Amino acid sequence: MIEKTRSWLLGSRDNPQQYTQHAVQLIVFVAFLYAAAINYVTSASGYINICIQLAMSISTLGIWYRSRWHNEYQRMAITFMVMITTITLPINWFLNGGSFGPTFFLNICVFMYISVAFRKNPYYRYFGQSFAALVPIPLVMIEYYHPEWISTYPNNETRLIDLASTSVVTSIFMLLMMENLTKKFHLRHSKVEQLSEQLRQLSERDSLTGLLNRRAFESSFTEWKETKECLTIAAVDLDFFKKINDQWGHYYGDEVLINSSTQLSEMSKDTGSLAFRTGGEEFMLMMPCTLNEAYQHIQILHDRFAKMKLLNGPVTFSSGLAEVKPDESQDQFLKRVDRLLYQAKNQGRNCTVVE
Ligand SMILES: Nc1nc2c(ncn2[C@@H]2O[C@H](COP(=O)(O)OP(=O)(O)OP(=O)(O)O)[C@@H](O)[C@H]2O)c(=O)[nH]1
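Residues numbered from 1 in each chain as written. Predicted model: local features only at pLDDT ≥ 70, side-chain atom pairs only at ≥ 80, totals over all residues. Heavy atoms only, no water.

Under the annotation held in an unreviewed UniProt entry, the protein chain carries the name diguanylate cyclase and is attributed to Marinomonas polaris DSM 16579. In its Catalytic activity (unreviewed entry) section, UniProt records this for the protein chain: "2 GTP = 3',3'-c-di-GMP + 2 diphosphate". (UniProt positions renumbered as here; feature names shortened; annotations may be inferred.)

This is the structure we're talking about:
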């Protein structure tokens, strides 16, 4: 219920700029109404002041209405800025005790408001900020040369009440602005994180097969070596792949690579392993298990390859299989496993050689 009312009044939270803008307008509307009511009840100022405050309040409500319900956010933001800087602040200065009143507080709010509402529009922002920053100067000079033009508070009590309530409004205002900036920052931050995660994933994937690539192999090797109790890796290489390419064409070769990768990927999912494409028709299977268990997994993979449904019949692979030693570097391991793979090729292919 509260959330519904809030979104009815302020719009979607996903658009923090408009959301804050509407909140500010409604606060200003209520603040003027409140000031007029207080002035009327306490007879702190004359009817002219009360009428001006009511007029400001109604105008602000009109601005909110056009902005919220007629999609005139930008136009109304400018109207609001002009109204506040050229009418509201000077009137407030003359009718509320000049430099003894709360206008300085309000001026800071206006400056903050312009900075947030026109963040995406530097011309309006610089113009508005400069104007808000300079407005107090002529007002102070007028007060200096013509103090009689400034209406004073009837007593010190009224002045203190006015200052205290303006201070509360200013604090709410600042809070809103800061919430807006934080929200915007969080939205950007999570978008950046999302994009960098997407980029990281893309940089670690092979575009043809979708398997992890050599870069991912290198980082996973270090990570798994440190975290897994045992680590066995198979270097897998398709047999006579050049012939396949030469005989059936490169596109067919790609299809063979994709289908072989699917087998490796499914097998790695079943066994909690990781499958990588580290070269043209070279793959690595990283298995968090002993050499014996890994050997059984690879035999199952040979069977799966034999049953693979390809247009020109199944393909085979050769592999070298070895367990990573705790004190062994990646280079040393790769040399060792490559030698095993070479032996498998020499033994007639379609087999796995274990150390
Ligand atoms: N279609 C296709 N072919 C590729 C790709 N990457 C590498 N190749 C080919 O893979 C072939 C690899 O040939 P070789 O290294 O001689 O290996 P092989 O013919 O499988 O011989 P053995 O490994 O000894 O059984 C080359 O012809 C490369 O052009 C790719 O992404 N797509």
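A.B. asks: Is there a simple way to explain the sheet that holds strand β2 (residues 274-277) in this structure?
C.D. replies: One key point about sheets: their strands pair by backbone hydrogen bonds, in either a parallel or an antiparallel sense. The strand order β2-β3-β1-β4-β5 describes an open sheet built from five strands, whose pairing is mixed. Strand pairing shows two members of the sheet lacking a second neighbour, β2 and β5 (352-354), which therefore form its edges. This sheet shows a mean twist of 20° between the axes of neighbouring strands, independent of strand direction. The pairing of strand β4 (residues 317-323) with β5 spans three bridges and is classified as parallel. Bridge pairing links serine 319 to threonine 352 in β5. (Pairing = 2+ DSSP bridges. Helix = DSSP H or I, 4+ residues; strand = E, 2+ residues; numbered from the N terminus. Axes fitted to C-alpha atoms, helices over the stretch in contact; angles between N-to-C directions.)

A.B. asks: What am I meant to see in the pattern of salt bridges here?
C.D. replies: Once their charged atoms are close, side chains differing in charge can pair, the charge on each being opposite to the other. Going through the model one piece at a time under the given rule, you end up with 13 salt bridges. Of the charged contacts in the structure, one is a salt bridge between lysine 242 and aspartate 246, with a shortest N-O distance of 3.0 Å. Of the two residues, lysine 242 and aspartate 246 both sit in helix α10 (residues 241-248), four residues apart, roughly one turn of that helix. This pair shows no difference in class: lysine 242 is exposed, exactly as aspartate 246 is. Salt bridges sharing partners connect three or more residues here, namely Arg66, Glu72 and Arg75. (Salt bridge = Lys/Arg side-chain N within 4 Å of Asp/Glu carboxyl O. Buried < 20%, exposed > 50% of the residue type's maximum accessible area, 1.4 Å probe, protein only.)

A.B. asks: I keep staring at the site of the ligand and nothing clicks. Help me out?
C.D. replies: Neighbouring residues of the ligand: 16 residues in total, closest Phe240, Phe241, Lys242, Asn245 and Asp254. For the ligand, an oxygen atom lies 2.9 Å from a polar atom in the side chain of arginine 349. Relative to its unbound accessible surface of 670 Å², the ligand loses 66% to contact with the protein. Those elements giving two or more residues to the shell around the ligand turn out to be β1 (232-238), α10 and α11 (250-271). The greatest single-element share of the shell around the ligand, amounting to four residues, is contributed by α11. (Near = heavy atom within 4 Å. Polar contact = N/O pair within 3.5 Å; in protein donor to acceptor, adjacent residues only side chain to side chain. Areas by Shrake-Rupley, 256 points an atom, 1.4 Å probe, with all protein chains shown as cover.)

A.B. asks: Looking at this model, I keep getting lost on the packing of aromatic side chains. Mind explaining?
C.D. replies: Geometrically, a pair of aromatic rings is defined through the distance of the ring centres and the angle of the planes. Summed over the entire model, instances satisfying the criterion amount to 12 aromatic pairs. Relative to tryptophan 64, the ring of tryptophan 8 lies with its centre 6.2 Å away and its plane at 55°, an arrangement referred to as tilted. In this pair, tryptophan 8 is assigned in helix α1 (residues 2-10) and tryptophan 64 in helix α3 (residues 47-69), connecting sequence segments 56 residues apart. For the ring pair tryptophan 93 and phenylalanine 104, a centre distance of 5.3 Å and an interplane angle of 80° mean the geometry is edge-to-face. Linking tryptophan 93 in helix α4 (residues 73-95) with phenylalanine 104 in helix α5 (residues 103-117), this pair joins segments that are 11 residues apart in sequence. Given the relative accessible area of 1%, tryptophan 93 is considered buried. One aromatic cluster is present, built from ring pairs that chain together Phe217, Phe221, Phe276 and Phe333. In this structure, lysine 228 is placed above the aromatic ring of tryptophan 224, and the distance from its NZ or CZ to the ring centre is 4.6 Å. Taking the ring centre of phenylalanine 240 as reference, the NZ or CZ of lysine 243 above it sits at 4.5 Å. (Phe/Tyr/Trp six-rings, centres within 6.5 Å; stacked < 30°, edge-to-face > 60°. Lys NZ or Arg CZ within 6 Å of the ring centre and 35° of its normal.)

A.B. asks: Looking at this model, I keep getting lost on the UniProt feature "transmembrane region" (unreviewed entry) in the protein chain. Mind explaining?
C.D. replies: UniProt records the feature "transmembrane region" (unreviewed entry) for residues 23-41, 47-65, 77-95, 101-119, 126-146 and 158-178 in the present numbering. Secondary structure over residues 101-119 splits into 79% helix and 0% strand, and the C-alpha atoms at its two ends are 29 Å apart.

A.B. asks: What exactly am I supposed to notice about the pairing of β2 here?
C.D. replies: Side-chain direction in a regular strand flips from residue to residue, so the side chains alternate between the two faces of the sheet. Summarising the sheet, β2 and strand β3 (residues 282-287) pair through four bridges and their orientation is antiparallel. Across the sheet, the residue bridging to arginine 277 is phenylalanine 283, located in β3. The antiparallel pairing of β2 with β3 creates a hairpin that spans four residues between the two strands.

A.B. asks: I'm lost on the layout of surface pockets in this one. Help?
C.D. replies: Where empty space is left becomes clear once a probe the size of a water molecule has been rolled over the atoms. Quantified by volume, the largest pocket comes out at close to 730 Å³. Around the largest pocket sit 37 residues that line it, and Ala31, Phe32, Ala35, Asn92 and Leu106 are the ones nearest its centre. Every element with two or more residues in the lining of the largest pocket is listed here: α2 (16-42), α3, α4, α5 and α8 (156-203). Broken down by element, the lining of the largest pocket gets its largest block of residues, 10 residues, from α2. Class assignment for the residues of the lining of the largest pocket results in 27 nonpolar, nine polar and one charged. (1 Å grid on protein atoms, 1.4 Å probe; cavity = no way out; pocket = protein on both sides within 12 Å on 5 of 7 lines; lining within 4 Å. Points joined across faces, edges and corners; volume = space filled by probe spheres on them. Nonpolar A, V, L, I, M, F, W, Y, C, P; charged D, E, K, R; others polar.)

A.B. asks: I keep staring at the nonpolar core and nothing clicks. Help me out?
C.D. replies: Ranked by internal contacts, the top residues of the largest apolar core, which has 27 residues, are Val24, Val28, Phe80, Tyr113, Ile114, Phe118 and Phe173. Here the element with the most residues in this core is α4; it accounts for nine residues. Those residues within four positions of valine 24 in sequence are excluded, and the remaining contacts are Phe80, Tyr113, Phe173, Leu176 and Met177. Core analysis: the next-biggest nonpolar cluster, separate from the first, contains 25 residues, Leu238, Met267, Ile298 and Phe305 among them. (Core = buried A, V, L, I, M, F, W, Y, C linked by side-chain atoms within 4.5 Å. Contact = heavy atoms within 4.5 Å.)

A.B. asks: Help me understand the packing of α2 against α4, please; the structure alone is not making it clear to me.
C.D. replies: The packing of two helices is summarised by the inter-axis angle and the distance between the axes. Contact geometry of α2 with α4 gives a least axis separation of 11 Å together with a crossing angle of 40°. Crossing of α2 over α4 shows left-handed handedness. Of α4, the residues touching α2 (which contributes Gln17, Gln18, Gln21, Val24, Gln25, Val28 and Phe32) are Tyr73, Met76, Ala77, Phe80, Ile84 and Thr88. Residues that form the contact of α2 with α4 fall into these classes: eight nonpolar, five polar and no charged. (Left-handed = near helix turned anticlockwise from the far one by under 90°.)

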